[in-house]
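Listed below, chain by chain, are the residues.
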Amino acid sequence: DNTLYSFDQAHMEATRRLKIYAEKELGIEGEFFTQIYYETMYETIERMGEVAATHNRGIRIQNVLEKLGKPLFPHVLEMESLYWNTLFQEMVVFDGVIETLGILKERNIRIGIGTNMTTRIQLKKLTLLDVLKYVDFFISSEEAGVDKPAEQFFEYCMIKAKCEKQECMFVGDDFEKDIIGSRNAGLRPVWFCTEGNQNVIQEAVDRLPASGGTVIVPRGEWKSGAIHLKSN
């Protein structure tokens with residue numbers, strides 16, 4: 001999410017469709033629905049901790065409808081399906097991703113996916129993006145038992161990768177979860193960051209130790225065999 005394709009863009013449209021449904025079928029003003037949705041999401045995370053189940057849209061929608069005194073049938077499953085089907089339709093793989101994965105496979109470099117979220121949804125995304133066929137191993141936070149940036153998550157990645165930590169590069173867009181998390185676990189991070197805001201990038205990089213080298217790939221620079229890398 002936000003590394004192979006723009007989750008933010010797809011999520012925005014999926015959320016818009018949920019708001020329309022809430023207004024039309026349940027008489028809930030769209031923005032108010034969104035407000036309660038995020039309130040219940042954070043309440044669930046606080047109660048359960050950062051585990052895969054907190055990403056479950058069905059649980060989130062169920063909690064919203066319960067809080068607002070709305071009927072669960074048939075709306076929970078209808079709205080969950082509406083969200084995911086919309087998001088799947090809106091996903092577009094970033095330019096250069098498929099070419100880059102192809103080059104890695106040609107060079108016999110093992111490719112793994114380490115992702116927060118539930119297994120089935122993430123495998124569905126990878127299949128629709130035509131990425132899964134390049135993947136040698138897969139780890140979801142559902143399987144690992146914890147979300148990134150927990151060190152336990154990255155330790156499990158290493159078990160499946162069958163290599164030493166210093167031999168593994170972990171690519172991700174989220175500075176806290178992917179970069180700080182993998183760096184603290186001893187892997188070499190590659191930050192696929194939002195391009196155009198150099199101040200934010202520099203402030204983030206300044207938080208990292210001087211040794212070890214974190215590679216920064218500005219978003220939009222997945223180029224086949226010619227990625228421009230910046231390292232601290």
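Rules and cut-offs
Residues numbered from 1 in each chain as written. Predicted model: local features only at pLDDT ≥ 70, side-chain atom pairs only at ≥ 80, totals over all residues. Heavy atoms only, no water. Phe/Tyr/Trp six-rings, centres within 6.5 Å; stacked < 30°, edge-to-face > 60°. Buried < 20%, exposed > 50% of the residue type's maximum accessible area, 1.4 Å probe, protein only. Helix = DSSP H or I, 4+ residues; strand = E, 2+ residues; numbered from the N terminus. Polar contact = N/O pair within 3.5 Å; in protein donor to acceptor, adjacent residues only side chain to side chain. Contact = heavy atoms within 4.5 Å. 1 Å grid on protein atoms, 1.4 Å probe; cavity = no way out; pocket = protein on both sides within 12 Å on 5 of 7 lines; lining within 4 Å. Points joined across faces, edges and corners; volume = space filled by probe spheres on them.

Student: Just checking my understanding: could you explain the packing of aromatic side chains for this structure?
Tutor: Centre distance and the angle of the planes are the two values used to describe a pair of aromatic rings. Under the defined criterion, the tally for this structure stands at 8 aromatic pairs. With centroids separated by 4.9 Å and ring planes inclined at 85 degrees, the aromatic side chains of tyrosine 83 and tryptophan 84 adopt a geometry described as edge-to-face. Here tyrosine 83 and tryptophan 84 have matching classes, each one buried. Centroid distance phenylalanine 153 to phenylalanine 154: 5.5 Å. Interplanar angle 80 degrees. Geometry classified as edge-to-face. On the accessibility criterion, phenylalanine 153 (0% relative accessible area) is buried. Given a relative accessible area of 0%, phenylalanine 154 falls into the buried group. By way of ring pairs, the aromatic residues Phe33, Tyr37 and Tyr38 are connected into one cluster.

Student: So what exactly am I meant to see when it comes to the side chain of histidine 55 here?
Tutor: Here histidine 55 shows up in the loop between helix H2 (30-48) and helix H3 (57-67). Judged by relative accessible area, histidine 55 falls into the buried class, the value being 15%. One polar contact links histidine 55 to aspartate 147, side chain to side chain, over a distance of 2.8 Å. Among all residues touching histidine 55, those that are not within four sequence positions of it are Arg60, Asn116, Met117 and Asp147.

Student: Explain empty space enclosed by the protein to me, please; I cannot follow it from the model alone.
Tutor: Sizing a probe to match a water molecule and rolling it over the atoms shows the empty space that remains. For the structure shown, the criterion picks out 1 cavity of 30 Å³ or more. In this structure, the largest cavity occupies an estimated 50 Å³ of space. Along the walls of the largest cavity sit His11, Thr15, Leu18, Phe33, Thr34, Tyr37, Tyr38 and Tyr83, which together make up its complete lining. Secondary structure elements with two or more residues in the lining of the largest cavity: helix H1 (7-26) and H2. With 4 residues, the top contributor of residues to the lining of the largest cavity is H2.

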